[in-house]
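Results of the structural survey
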Amino acid sequence: MNKVLTEEQLKQLENYIAHVIETDGARGLAVAVINSEGETLYQRCYGFRDAGAGLPYTPQTRQGIASVTKSFTALAVMQLMDRGLVNPEAPVRKYVPDFPHPDVLVRHLLSHSGGYLPMRRKNCRDVLSQLSLPADADPYLSPEAAAAGRQELLEDFAGQKEFTGIPGENFSYSNDSYALLSEIVREYGGETSFAAYLDRYVFSPLGMTGSDLRLVFNTGEESKLYDRLPNGEMSDHWTPADDMGILPGAGGIRSTLEDMKKYVQMYLNYGRLANGSHLVSEYAVREMTRPHITCDLNAYYGYGLMSWATNGMTVWGHGGDQHGVATQIDWSYESGLGCVVLANTSQVTTSAISAAAMRLFSGYPMERSLEGLTPVVWPREKMERLVGTYTEAEENVVELGIAGDIFTVSIDGAQTIAYPINRHYLLTKRTVEDMTVEVHFAEDGSVTAISGGYRIIPKVK
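Residues numbered from 1 in each chain as written. Predicted model: local features only at pLDDT ≥ 70, side-chain atom pairs only at ≥ 80, totals over all residues. Heavy atoms only, no water.

1. Topic: the state of the cysteines
Rule in force here: By disulfide we mean two sulfur atoms from cysteines, separated by a distance within 2.5 Å.
Counting across every chain of the model gives 0 disulfides. Here Cys 295 stays free of any disulfide, with the sulfur of Cys 339 as its closest cysteine sulfur at 19 Å.

Quick look at the structure:
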C-alpha cells in the first residue's frame, strides 16, 4: 500500500509529531516513510542537531541509534549462520567455552530468554580505567578492550543467583546478552573487532556511508546529545561513552536518517539488496521476524526485532533510548512500508510517531485502537497483592499503591495511574503513549514481579 496522504491527513500527522516534540522536549528529530522499492513517501527533519549554534537537523545528521543496534547484532549472527560458522540452536558454551550456564543456547540470547534479570549498568569507562590504551585509541577497535570487557561480562553472568525461569521460558530484556553476542561475532566473523565486521559485511554492502561503530570521532554532521538533568534542565554534555558498554552489541551504532532508510528497505525485501544480491538469506530474515517469545501484550520478540499488530498488519522493528538518543524503526510486510524516526533527545516517544505514520500511510486511522484496553474490575484482595516496591539491578524503581479501583504508580519518581485490562495485565497511563504491564503471579496467588519496559522487575520482599 503506497497511500498518498491528503492535505488534511498530512496536517494531522505533522500536528501529532509536533505534539510529541513539544511534550517530550525533543531538540532535533527526523522522520521518514519508505516503501520496499526504496521510494521516500514522506520525510521531514525538525529542530536542531546543535540548538546552541542553530545548526539544523538534516537527513545526514549522525547520532546514536541506541538499542536499534541489537537488530544489527542479530543480523550479524544470522550472517554467520548462513556461512555455517554459528548455529543459533547450539549452546553458547560452544562459542564461549567459559560461559557459566550450559543450558543457554545462542537463540536464547538473541530472544532475551536466557533467564537473566537486568544486570547493573556499566559504561565503557569502568573497563577503560583499568587499561593502558593510547589516548587516541578507539576502544571499539581494540582487541584488548574487548577481552577485558568479555572477562568482566562473564563474571557478571556467573554472579547471577536469581533467574526469570529456565532458558526459553520467559522474556526479559538483556543488554548483556547482546553484548556477548557481539563478542561471538568478533571472534567468529574473521575481523579484529565487531566494529570492523559491521563495516565490511553490513554498512559497506548497504551503502551506509554515514554509519559506524566508534567512540572516537569528529565529523561536521555529528549531533549534540540532549538529556534532562535531575533538576529538569536540558543538558547537551552527553557523549556515547556516558552510556555505552565496552562490548557494543547492545547499543553502540551511530547512523543517519538516509542510511537507516536503506537498512529498513533491506528487511522489506527479506535481505535482498538493490543489485539483486543478498546481505543475508531470506531464511535468516524470516527467522529474525518469527515470533520466538511473547514480550508484551499481543507483542512478540524474534531475533533483535519485535512485533506488534495493528488493524490489518503486523509491524516488525525495534526502538532505542539512551542519554541523548531516542530511535525507532518499523516496517510491515503486509503494507510494504517502513518508517524511521530518530531523535537526539532521550525519552522522546519515537515509537508513537512511527506507529502513527505506519497506520496512516497504510490506509488506517492514525489513532491507536483502544479495543481490549478498557478497564476491568479486580477483587480488592487481588489488587492488594500488587502493592509494594519493584526494582532490579539497572536501578529502575516502581512503586504501586491503590486509590479506589485503580493503581497509583511511581516510576523512578514520576507519578501516574494504572488499571487492570485483563487477568494479568495493567494499562499504565503515559503522557504520549500508554504502556501495558504484565503482573507475574506465583502458584499461591502472590505477586513475584511485574514486566514493564520489556524487563521483568522483581517485587522487593
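So, next bit.
2. Digging into the sheet that holds strand E13 (residues 337–343)
Here is the rule we go by: DSSP bridges decide pairing: two strands pair if at least two such bridges lie between them. Put simply, DSSP H or I for four residues or longer makes a helix, DSSP E for two residues or longer makes a strand, and each gets a number counted from the N terminus. Only heavy atoms matter for contacts: two residues are in contact if any of them lie within 4.5 Å across the pair. For every element, the axis is a line fit to its C-alpha atoms; helices are fit only across the contacting stretch, and the angle between N-to-C directions ranges from 0 to 180 degrees.
The strand order across the open sheet formed by 9 strands is E3-E2-E1-E13-E12-E11-E10-E9-E8, and the pairing between neighbours is antiparallel. Taken across any chain shown, the strands that pair with only one partner, and hence form the sheet edges, are strand E3 (55–56) and strand E8 (293–296). Of the strand pairs in this sheet, strand E12 (residues 325–332) and E13 are connected by 7 bridges, and their pairing is antiparallel. In the sheet register, Ser 332 faces E13, and the bridge partner there is Leu 337. Across the sheet, helix H1 (residues 7–24) touches strand E1 (28–35) and strand E2 (40–50), and the angle it forms with E2 is around 25°.

3. Section: the packing of aromatic side chains
Condition: For this analysis, a ring pair means two rings from Phe, Tyr or Trp (six-membered ring only for Trp) whose centres lie within 6.5 Å, classed as stacked if their planes differ by under 30 degrees, edge-to-face if by over 60, and tilted for the remaining angles. By the criterion adopted, a ring carries a charge over it if an Arg CZ or a Lys NZ lies within 6 Å of its centre and within 35 degrees of its normal.
Inspection of every chain in the model, using the stated rule, returns 15 aromatic pairs. Grouped by ring-pair contacts, the aromatic residues Phe 72, Phe 203, Tyr 263, Tyr 267 and Trp 331 constitute a single cluster. Stacked on the ring of Tyr 201, the Lys or Arg Arg 83 has its end atom at 5.0 Å from the ring centre.

4. Notes on the nonpolar core
For clarity, the cut-off: To qualify as a nonpolar core, a set must consist of buried Ala, Val, Leu, Ile, Met, Phe, Trp, Tyr and Cys residues joined through side-chain atoms within 4.5 Å. Three labels apply to residues, based on accessible area from a 1.4 Å probe with only protein chains included: buried if under 20% of the type maximum, exposed if over 50%, partly exposed otherwise in between.
Residues Phe 72, Leu 75, Phe 99, Leu 180, Met 260, Tyr 263 and Tyr 267 are the most contacted members of the largest nonpolar core, which totals 83 residues. Here the element with the most residues in this core is helix H2 (residues 69–82); it accounts for 8 residues. Residues contacting Leu 75, with those up to four places away along its chain left out, are Val 202, Tyr 263, Met 266, Tyr 267, Leu 279, Val 280 and Met 288. Counting residues in each nonpolar core, the second largest holds 29 residues, with Leu 29, Val 348, Ala 352 and Met 366 among its members.

5. A word on the side chain of Thr 436
If you trace the backbone, Thr 436 turns up in strand E19 (residues 435–441). In this structure, Thr 436 is in contact with Asp 296, Leu 297, Leu 373, Ile 421, Tyr 425, Leu 426, Leu 427 and Ser 451, ignoring residues within four places of it in sequence.

6. Examining the pairing of E2
Where E1 meets E2, 7 bridges bridge the pair, whose relative direction is antiparallel. Bridge pairing links Ile 34 to Thr 40 in E2. As consecutive antiparallel partners, E1 and E2 are separated by 4 residues, and within that stretch Gly 38 has a phi angle of approximately 90°, a positive value. Taken together, the 2 bridges between E2 and E3 define a ladder with antiparallel strand orientation. Looking across to E3, one finds that Phe 48 is bridged to Pro 56.

On their own, these measurements won't tell you what the molecule is for.
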